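Descriptive analysis of the structure
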Amino acid sequence: MATTAPLVFAYYVTGHGFGHATRVVEVTRHLIDAGHVVHVVTAAPDFVFTTEIQSPNLFLRRVLLDCGAVQSDALTVDRLASLEKYSQTAVIPRESILASEVEWLKSIKADLVVSDVVPIACRAAADAGIRSVCITNFSWDFIYADYVMAAGHHHRSIILQIAEDYSHCEFLIRLPGFCPMPAFRDVVDIPLVVRRLHKSREEVRKELGVGDDVKLLIFNFGGQPAGWKLKEEYLPTGWRCLVCGASDDQELPPNFIKLPKDAYTPDVIAASDCMLGKIGYGTSSEAMAYKLPFIFVRRDYFNEEPFLRNIIEHYKGGVEMIRRDLLSGCWQPYIDHAVSLKPCYNGDINGGEVAASILQDTAHGNVHTKYKPCGARRLRDAIVLGYQLRGISERQANVPDWYVHAPLPSQEHDQSKEEMHIPDFEVLHGDLQGLSDTASFLKALGELSAIDFERDNKDQLRERLAAARLFNWEEEIFVARAPGRLDVMGGIADYSGSLVLQMPIKEACHAAVQKNHPSKQKLWKHAQARHHSDRDKPTPILEIVSFGADLSNRGPTFDMDISDFMDGEQPISYEAARKYFSRDTSQRWAAYVAGAILVLMTELGVRFEDSISIVISSAVPEGKGVSSSAAVEVASMTAIIAAHGLKIAPRDIALLCQKVENHIVGAPCGVMDQMASACGEKNKLLAMLCQPAEVLGLVDIPSHIKFWGIDSGLRHSVGGSDYGSVRIGTFMGRKMMKSMASSKVDEYNSDETGRNSTELLEAEASLAYLCNLPPHRYEGGYANKLPERITGEEFLTKYGSHDDPVTVINRDLSYAVKAPTAHPVYENSRVKAFKSLLTAAASDEQLSALGELMYQCHYSYSACGLGSVGTDKLVEFVQMMRLAGTLYGAKITGGGSGGTVCVMGEKSVRSSEQIREIQQRYKNATGFMPYVFEGSSPGAGKFGYLKIRRRSSPKSDFAAASSLTASAEH
């Protein structure tokens, strides 16, 4: 890297953790070795740099220009605090930061600005007229985007500003294990950036006083969960543990060794036999480079993690540990598994040298021919960015194997009768009803039952191996199916008692359940380790496998003692259960499934004496506003009920499932989702009055009308802040109106002519459901008296409570009241009119009137604050088609704030063509090709359940294979 004159680099380092700083050290070292000057802007301690680099050409400037992710402990990110701190660090003082950085960059005469990966540095470079380059495996717009769902959409501008800052960067030097980063125009990929070794394995062990016969585990969390102590019995015999980042006053057991704060981690990693820690770029890259098996525990809400996890597991170097086992000290089964691995990463690890060479050439003005526009890459990344968008089906040729998530099993619906035949199972009860997705699910179960663990172990996904070891395949298995739903009309007015019209979609969730006596239950190895002392008195265990878990960055398996649901002789409270499932975000999904057991125990007095095994496979995409959670709840509840011989009507199943979501999951949804999934029928609209759940009947969809759902790509969540805030505002408005009505009653009692008014006011003073208030009464008596907004503190002081059992008012927040209160009053009236119009004579006027009601509903959502740019654009495209087309109406669905748009039009070839045209227009406008929901299928009640049993297998080794028990992580 010889050069004629030294260059000056300004290298900005993000304030999140040491991992960024340590890789910056490696790039900086090569730049300084080439004779250049590097000014590092960082908040990391000096020793991180000076331990490795002693040179007068290194200048350290202690400035914090971003904050990364704020962690409440070693494993948990505080999403709201992260966005608020970034705002305080980089948004509020933005103008002064830009002014000072521009001045500084000019003062040092920087030739190139390098950022890892500070957003504002790129903008400051542009303002100073200096080129900039980023080096990273993730960007903060991607990390923060998911936080908006929890923190509120008023933070969205932060993400847009970060992406705009990055767009000033000339190109991205991208590291392996990368996330989607569409803000960057061009990309060049480099090998792993890994710090070099200073000492041999033998030298490190000698300094530690550890012999070659001792196994070493490096404990690398950068901090430890609060109130947690390491114990001697956590380690297998013959093992010692090297603890990184231990506090000075922390006492450790005799088999644990406290490493100095400035210990050189790469040397320690290379001298160890296994590592236990959280996934980050530094630990992951060095574990791969030095072929160290890595036992990792997932962090909450850090979106970089699944991509690094993919690459670690792709190169056979990773074992996932459940957080509960980390904290309880059940380490041995994971350590045993890890040391049996043979990590196989053989790629280059000279990324620091390569990056330095590219930076030097760029500063000299050279342009590599590989720096081309990367439209395909940006489009692919844009699909994934933002709200953790799902559904990538096509494979880009330049995408490495570890980048693309494994696709879900195909769920096609056009199979022949021969393909409907299930050779692996006898169907002892029930009927597939021609549903090919059910046939595909049963075939997938048959494939699991035939896995040869000795031969197939290396090539199977963890979730498939876990599921294959779950069931006793010769015993009966119960299968239920529950579809998602398309919200045609009603939406969020369900919790105010509105009439709603819902259509079950063809995409569905399947649940397979088997119960076994505890003595016959197969246990994964980590579960065996927890119960080894109690095998003489086996207790009922619940084990669940969720297919497609990695698509949502959740753990694929969950297990618990069913006795954990008991407090003495009584079931635990729903609040206690919610806390139980909230302990580990990666396994919080299990609340939707396991919650059914607690609800049955609490509401119906059911007691479970047997162990329960469950496999969940859902084709209902998450975050699209089509009730993926309700489908999981209804399928799980129905299969558990069938396996235990209980007789419960579909309507009651739906109400039980709502309790799961409201009280155990903690999402404040109404009941329409569960009712549609449980009680709906194919090609019909379920008409339901949500007071609380009165099914009025099924409405035939006229033969000339068709409904579609178009996914906007923006992730929707009923647990998101906007949905909950709107619901709170609605209940606040009802309480205010009841108070107004009550205060007027006495004024009319003495006036004989006001008797009818008194009766109306008395009814309104005790209004149980807001939708029972006619629009004219709302307009005449209340609309002008409700405030636009009110603070939680002001409302609670004046009214005491908003009388909603599933939401909690935050005293510090301000809530919209008028729009959320008006919406359900008018929506109920719109839905009634819509239902009546469906039975009218077919005409253009009928279709236009139906469409107008849908548009009114859509814009009412927006008035409540539940709209989104994507859904508005889709509705706009439908309106643009109207003059020359056959599409008549569109509206946002479900909880709003993204998700899916329902479209109504003529049932014709022309309409289908227009839907495809809207897809293409949306892709051209946003970079995202929306998925179209088309078709319908029966609800869980209409489907019933299947009871299946594996046919006798001719394989001689099947019995031996099925008797194996092993860890879900194998």
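Residues numbered from 1 in each chain as written. Predicted model: local features only at pLDDT ≥ 70, side-chain atom pairs only at ≥ 80, totals over all residues. Heavy atoms only, no water.

Looking at an unreviewed UniProt entry, the protein carries the name L-arabinokinase, with the source organism given as Linum tenue.

**Some words on the nonpolar core**
For the record, the criterion: Residues belong to one nonpolar core when they are buried, are Ala, Val, Leu, Ile, Met, Phe, Trp, Tyr or Cys, and are joined through side-chain atoms within 4.5 Å. Under the scheme applied here, a residue whose accessible area is under 20% of the maximum for its type counts as buried, over 50% as exposed, and between as partly exposed, the area being computed with a 1.4 Å probe on protein chains only. Here, residues are in contact when the closest pair of their heavy atoms is within 4.5 Å.
One finds Leu542, Phe558, Phe581, Met637, Phe707 and Phe834 to be the most contacted residues of the largest nonpolar core, which totals 100 residues. Those residues within four positions of Phe558 in sequence are excluded, and the remaining contacts are Trp524, Leu542, Glu543, Ile544, Tyr580, Phe581, Gln587, Trp589, Ala590 and Ala594.

**Focus on the pattern of salt bridges**
We apply this condition: Salt bridges are identified by distance alone: a Lys or Arg side-chain nitrogen within 4 Å of an Asp or Glu carboxyl oxygen. Helix and strand definitions follow DSSP, with helices as H or I runs of at least four residues and strands as E runs of at least two, each counted in order from the N terminus.
Taken as a whole and judged by the stated rule, the model has 37 salt bridges. In this structure, the salt-bridge partner of Asp584 is Arg323, at a minimum N-O distance of 3.8 Å. Separated by 261 residues along the polypeptide, Asp584 in the loop between helix H22 (574–582) and helix H23 (590–604) and Arg323 in helix H13 (residues 323–328) bring together distant segments of the chain. Neither residue differs from the other here; Asp584 and Arg323 are each classed as buried. One salt bridge in this structure joins Arg651 and Asp652, with 3.5 Å as the shortest N-O distance. The partly exposed category is assigned to Asp652, whose relative accessible area is 34%. Each of Glu26, Arg29, Asp33, Glu52 and Arg196 takes part in a single network of salt bridges with overlapping partners.

**Considering helix H26 (residues 672–679)**
The buried count for H26 comes to 8 of 8 residues, which makes it a mostly enclosed element. When H26 is considered as a whole, its buried residues turn out to be Met672, Asp673, Gln674, Met675, Ala676, Ser677, Ala678 and Cys679.

**Here we look at the packing of H22 against helix H25 (residues 650–665)**
Going by this rule: The angle between two axes is taken between their N-to-C directions and runs from 0 to 180 degrees, where each axis is a line fitted to C-alpha atoms and a helix contributes only its stretch in contact. By the definition adopted for this analysis, an angle is roughly parallel if under 35 degrees, roughly antiparallel if over 145, roughly perpendicular if from 65 to 115, and oblique otherwise. Note on residue classes: Ala, Val, Leu, Ile, Met, Phe, Trp, Tyr, Cys and Pro are nonpolar, Asp, Glu, Lys and Arg are charged, and everything else, Gly too, is polar.
Closest axis-to-axis distance for the H22/H25 pair is 8 Å, and the angle between their directions is 70°. Taken as axis vectors, H22 and H25 run roughly perpendicular relative to one another. Where H22 abuts H25, its residues Tyr574, Ala577, Arg578 and Phe581 lie against Lys659, Asn662, His663, Ile664 and Val665. Tallied by class, residues from the contact of H22 with H25 come to 5 nonpolar, 2 polar and 2 charged.

**Some details on the sheet that holds strand S10 (residues 215–220)**
Across a sheet, paired strands are connected by hydrogen bonds in the backbone, their directions being either parallel or antiparallel. Spelled out, the test is: Should DSSP find at least two bridges between two strands, the strands are regarded as paired.
Strand order in this open sheet of 6 strands is S12-S11-S10-S13-S14-S15, and the pairing throughout is parallel. The sheet is open, and its two borders are formed by strand S12 (256–258) and strand S15 (318–320), each paired with just one other strand. Taking each pair of neighbouring strands and ignoring which way they run, the sheet shows an average axis angle of 25°. In the sheet, strand S13 (residues 274–278) pairs with strand S14 (residues 294–297) via 4 bridges, with the strands oriented parallel. Note on S14: the bridge partner recorded for Gly277 is Phe296.

**Looking at the pairing of strand S32 (residues 946–950)**
The side-chain alternation of S32 yields one buried face, formed by Leu946, Ile948 and Arg950, and one unburied face, formed by Lys947 and Arg949. The sheet contact formed by strand S17 (residues 477–489) and S32 spans 3 bridges and is antiparallel. Paired with Val479 across the two strands is Leu946, which belongs to S32.

**Structural notes on the packing of aromatic side chains**
Stated precisely, the cut-off is as follows: Stacked, tilted and edge-to-face pairs are distinguished by plane angle, under 30 degrees for stacked and over 60 for edge-to-face with tilted covering the rest, among Phe, Tyr and Trp rings (Trp via its six-membered ring) whose centres lie within 6.5 Å. Placement of a positive charge over a ring is assigned whenever Lys NZ or Arg CZ falls within 6 Å of the ring centre and within 35 degrees of the normal to the ring plane.
Following the criterion strictly, the structure yields 25 aromatic pairs and no others. Where Phe142 meets Phe307, the ring centres are 5.8 Å apart and the plane angle is 70°; that geometry is what we call edge-to-face. Here Phe142, found in helix H6 (residues 140–145), pairs with Phe307, found in helix H12 (residues 305–314); they are 165 residues apart in sequence, far enough to count as distant. You'll find Phe142 and Phe307 in the same group, each marked buried. Taken together, a centroid distance of 6.3 Å and an interplanar angle of 45° make the contact between Phe425 and Trp473 tilted. Within this pair, whereas Phe425 is found in strand S16 (residues 425–429), its partner Trp473 is found in the loop between helix H20 (462–468) and S17, the two being separated by 48 residues in sequence. Judged by its relative accessible area of 1%, Phe425 falls in the buried class. Relative accessible area serves as the criterion here: at 2%, Trp473 is assigned to the buried category. Through a chain of ring-to-ring contacts, the aromatic side chains of Tyr86, Phe138, Trp140, Tyr144 and Tyr147 assemble into a single cluster. Above the plane of the ring of Phe178 lies Arg174, whose end atom (NZ or CZ) is 3.7 Å from the centre. Here Arg583 stacks its cationic end above the ring of Tyr580, 4.3 Å away from the centre of that ring.

**Here's the deal with the sheet that holds strand S8 (residues 171–174)**
A sheet is described by the order of its strands in space; here 7 strands give the open sequence S3-S2-S1-S6-S7-S8-S9, paired in parallel fashion. Each edge of the sheet is formed by a strand with only one pairing partner; in this case those strands are strand S3 (58–62) and strand S9 (187–189). Across the sheet, the axes of successive neighbouring strands diverge by a mean angle of 20°, strand direction being ignored. Summarising the sheet, strand S6 (residues 112–116) and strand S7 (residues 132–136) pair through 3 bridges and their orientation is parallel. Note on S7: the bridge partner recorded for Ser115 is Cys134. Docked against the sheet, helix H15 (residues 351–363) engages strand S1 (8–13), S6, S7, S8 and S9, running at close to 165° with respect to S8.

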